[in-house]
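Each chain is listed here by its residues.
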Amino acid sequence: MAAAVGGVRVAVALLMCVLGGQALDLLRATATSGSPPSPPRVHCWCSSYPNTTVCSWPEPSHSPPALYLATYSERHQQSVIKQCQLIQPGSSSSFMIPASSSSSKQMWFCLLPNLKLLTDYIINITAVSPGGSSSYLASFMLEEIVKPDSPVDVRVSPRGPRNLLVEWSPPPSWANLDILPLKYQILYQWENRGTPKSVNLGPFESTKVELKGLIPGRPYTFQVCAKELLGLGRCSDWSSPVNITIPRAKV
């Protein structure tokens, strides 16, 4: 939709996704005398339920520099608008960002503290530049965006001629493991005559599993992901891969 106001052309583009009668996503761009910045590509997740919720988006590489306004509110109390804690790319406050957000891109972050359980929220990220503005608007519930950081300290060791013991530690950022435990999945991969093969096992509630019946002399790669025990949200990113070959028996 476009219109001319006072000799200045204004363009507005809307994209809305509706599910169950509720608006979920809205992208909006408004141009004044130039080109507006691209709508932020926002991703939100909770790395330690219910304490740590973060939204992030990349700094556009081919757009003019933009300022960002980041707010959120409860869906049923939209008149009460709160400001996100914005963290710029390269900021000294980057130590506050969860490990799962590491990226080679220049990223903006928005911290959302003290969100309520079982409550619908609306997040609004607006990019503003001399050429206009563009917004990303989305709704979410904390329980839908739970995503722990990856497990750490993954170790794989031989246990007999055809067995391996896989061990790991929970993500350090996940608080209150006694109250809100995690479950885990193991992915192991190998090649058979040049064809990649993989097996996904789990979930497991312990932090070690013995795998049996593996083939000596074959290289294997192991990774582990973590998910909230009751199944909230999604599994973490896979941990860093660990490679091992079961020694062949000496003749």
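A brief structural summary. As a convention, each chain's residues are numbered from 1 in the sequence order in which they are written. Selection of residues for local features in this predicted model requires a pLDDT of at least 70, selection of side-chain atom pairs for listing and counting requires 80 or more, and totals for whole chains, interfaces and linings are taken over all residues. Working from all heavy atoms in the structure, the side-chain values ignore hydrogens and water.

## A look at the state of the cysteines
Criterion for a disulfide: a pair of cysteine sulfur atoms within 2.5 Å. Counted under the stated rule, the structure contains three disulfides. At a sulfur-sulfur separation of 2.1 Å, the disulfide partner of Cys84 is Cys110. Between Cys84 and Cys110 the sulfur-sulfur dihedral comes to about -65°; the bridge is accordingly left-handed. With a gap of 26 residues between them, Cys84 in the loop between β7 (77-83) and β8 (85-87) and Cys110 in strand β9 (residues 107-112) connect regions that are remote in the sequence. This pair shows no difference in class: Cys84 is buried, exactly as Cys110 is. What pairs with Cys225 in a disulfide is Cys235, and their sulfur atoms sit 2.1 Å apart. Measuring handedness by torsion sign, the sulfur bridge of Cys225 and Cys235 sits at about 85° and is right-handed. With a gap of 10 residues between them, Cys225 in strand β17 (residues 219-228) and Cys235 in the loop between β17 and β18 (242-245) connect regions that are remote in the sequence. In this scheme, a residue with accessible area under 20% of its type's maximum is buried, one over 50% is exposed, and one in between is partly exposed, where area comes from a 1.4 Å probe on protein chains only. We classify Cys225 as buried; its relative accessible area is 2%. Looking at the chain, its bonded cysteines, counted consecutively from the start of the sequence, adopt the pairing 1-2, 3-4, 5-6. Here a strand is any run of E in DSSP of at least two residues, a helix any run of H or I of at least four, and the numbering for each starts at the N terminus.

## Remarks on the packing of aromatic side chains
The rule is short: rings of Phe, Tyr and Trp, with Trp giving its six-membered ring, pair when the centres are within 6.5 Å, and they are stacked under 30 degrees, edge-to-face over 60, tilted in between. Under the counting rule described, the total for this entry stands at 11 aromatic pairs. On the basis of an interplanar angle of 25° and a centroid distance of 5.5 Å, the ring pair of Tyr188 and Trp190 is categorised as stacked. With a relative accessible area of 11%, Tyr188 lands in the buried category. A ring pair is formed by Tyr188 and Tyr220, whose centres lie 6.0 Å apart and whose planes are at 65°; its orientation type is edge-to-face. Of the two residues, Tyr188 is situated in strand β14 (residues 182-192) and Tyr220 in strand β17; the sequence distance between them amounts to 32 residues. Site record: aromatic cluster; members linked through ring pairs are Tyr188, Trp190, Tyr220 and Phe222.

## Here we look at a nonpolar patch on the surface
Together, Leu67, Leu69 and Val128 make up a nonpolar patch on the protein surface, roughly 290 Å² of accessible area in all. Mapped onto the elements of the fold, Leu69 is located in strand β6 (residues 67-74). Judged by relative accessible area, Leu69 falls into the exposed class, the value being 53%. Within the patch definition used here, like charges are joined within 9 Å and nonpolar side chains (Val, Leu, Ile, Met, Phe, Trp, Tyr) within 5 Å, considering only residues with over 30% relative accessible area and no salt bridge. The protein chains shown are the only cover counted for residues, whose accessible areas, like all others here, come from Shrake-Rupley with a 1.4 Å probe. By convention in these notes, a salt bridge is any Lys or Arg side-chain nitrogen within 4 Å of a carboxyl oxygen on Asp or Glu.

## Let's talk about the side chain of Ser239
Mapped onto the secondary structure, Ser239 falls in the loop between β17 and β18. A relative accessible area of 3% places Ser239 in the buried class. Pairs of N or O atoms within 3.5 Å make up the polar contacts considered here, provided that, within protein, one atom can donate a hydrogen while the other can accept it, and that residues adjacent in sequence are counted only when both atoms are side-chain atoms. Here the side chain of Ser239 touches Val224 through a polar contact of 2.9 Å, landing on its backbone nitrogen. In contact with Ser239, not counting residues within four places along its chain, are Ser150, Pro151, Val154, Gln223 and Val224. Pairs of residues are marked as contacts when any of their non-hydrogen atoms sit within 4.5 Å.

## Details of the environment of Pro171
Topologically, Pro171 is positioned in the loop between β13 (164-169) and β14. The class for Pro171 is buried, based on a relative accessible area of 2%. Residues Pro171 and Val152, 19 residues apart in the sequence, show an inter-C-alpha distance of 5.9 Å.

## Observations regarding the nonpolar core
The biggest cluster of nonpolar side chains holds 46 residues, and the ones touching the most others in it are Cys110, Leu112, Ile123, Trp168, Leu214 and Phe222. Counting residues per element, this core draws most heavily on β14, at five residues. Apart from the residues within four sequence positions on either side, Phe222 is in contact with Val156, Leu164, Val166, Ile186, Leu187, Tyr188, Leu211, Leu214, Ser240, Pro241, Val242 and Ile244. Working definition of a nonpolar core: buried Ala, Val, Leu, Ile, Met, Phe, Trp, Tyr and Cys residues. They are joined through side-chain atoms within 4.5 Å. In terms of nonpolar packing, the next biggest core, distinct from the first, is built from six residues, Val54, Ile87, Phe109 and Leu111 among them.

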